[in-house]
Amino acid sequence: MNDYQPYYRAYLLHTGDDPGDVTGYILWISSKWREWLLQNGLDRWAKVTEEQRKRFEQWLFETVPEGQLEMQF
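The shown structure was predicted, so the numbers you read here are calculated from the model rather than taken from an experiment.

(A) A look at helix α3 (residues 50–62). Helix length check: α3, at 13 residues, gives a terminal C-alpha distance of 18 Å against a target of 18 Å (1.5 Å per residue), a fit within 8%. Every buried residue belonging to α3 is among Q52, F56, W59 and L60, and all of these are buried. Projected down its long axis, α3 shows its buried positions confined to an angular sector of 105°, all on one face. For α3, the secondary structure elements touched by its buried residues are α1 (6–15) and α2 (25–39).

Written out as structure tokens, the structure is:
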């Protein structure tokens with residue numbers, strides 16, 4: 001699991017999808033960015049700073065549903 005980039009790892013934790021199936025990742029990460037931007041008063045075209053990107057990444061892992069913090073392979 002540590003071999004995956006953080007956003008993809010969050011996707012797998014959120015959805016429980018098979019790591020070999022990346023079909024839904026692009027749609028999922030786009031919707032998560034939109035959700036986070038709206039929650040933080042930013043529009044979809046906002047230029048995200050490095051600090052904001054880090055907060056987004058932290059938020060992704062904070063919102064992982066209970067019981068999905070570890071993947072079972």
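Picking up after the structure, the text goes on.
(B) Inspection of the environment of D17 at higher detail. Within the secondary structure layout, D17 lies in the loop between α1 and α2. For D17, a relative accessible area of 27% corresponds to the partly exposed category. Looking at D17, its side chain comes within polar contact range of the side chain of Y11, at 2.6 Å.

(C) Expanded view of the pattern of salt bridges. A full pass over the atoms with the stated rule returns three salt bridges. Linking E50 and R53 is a salt bridge whose minimum nitrogen-to-oxygen distance equals 2.8 Å. Pair noted here: E50 and R53 are both in helix α3, with a separation of three residues, about one helical turn. Given a relative accessible area of 45%, E50 falls into the partly exposed group.

(D) Here's a closer look at the side chain of R9. Examined against the element boundaries, R9 turns out to sit in helix α1. For the buried residue R9, which engages in no salt bridge, the nearest side chain bearing the opposite charge is E57, 6.0 Å off.

(E) Spotlight on the packing of α1 against α2. At a closest axis distance of 10 Å, the pairing of α1 and α2 adopts a crossing angle of 95°. Between α1 and α2, the crossing angle belongs to the class labelled roughly perpendicular. Of α2, the residues touching α1 (which contributes Y7, Y8, A10, Y11, H14 and T15) are Y25, W28, I29, K32 and W33. By residue class, the composition of the contact of α1 with α2 is eight nonpolar, two polar and one charged.

(F) Expanded view of the packing of α2 against α3. Direction vectors running N to C along α2 and α3 enclose 110°, while the axes themselves pass 11 Å from each other. When the axes of α2 and α3 are compared, the pair comes out roughly perpendicular. In terms of crossing hand, the pair formed by α2 and α3 is right-handed. On α3, the residues touching W28, I29, K32, W33, E35, W36 and Q39 of α2 are Q52, R53, R55, F56, W59 and L60. A per-class count over the contact of α2 with α3 returns seven nonpolar, two polar and four charged.

Analysis parameters
- Residues numbered from 1 in each chain as written.
- Predicted model: local features only at pLDDT ≥ 70, side-chain atom pairs only at ≥ 80, totals over all residues.
- Heavy atoms only, no water.
- Helix = DSSP H or I, 4+ residues; strand = E, 2+ residues; numbered from the N terminus.
- Expected span 1.5 Å × (residues − 1).
- Buried < 20%, exposed > 50% of the residue type's maximum accessible area, 1.4 Å probe, protein only.
- Arc of directions from axis to C-beta.
- Contact = heavy atoms within 4.5 Å.
- Polar contact = N/O pair within 3.5 Å; in protein donor to acceptor, adjacent residues only side chain to side chain.
- Salt bridge = Lys/Arg side-chain N within 4 Å of Asp/Glu carboxyl O.
- Lys, Arg positive; Asp, Glu negative; His and termini not counted.
- Axes fitted to C-alpha atoms, helices over the stretch in contact; angles between N-to-C directions.
- Parallel < 35°, antiparallel > 145°, perpendicular 65-115°, else oblique.
- Nonpolar A, V, L, I, M, F, W, Y, C, P; charged D, E, K, R; others polar.
- Left-handed = near helix turned anticlockwise from the far one by under 90°.

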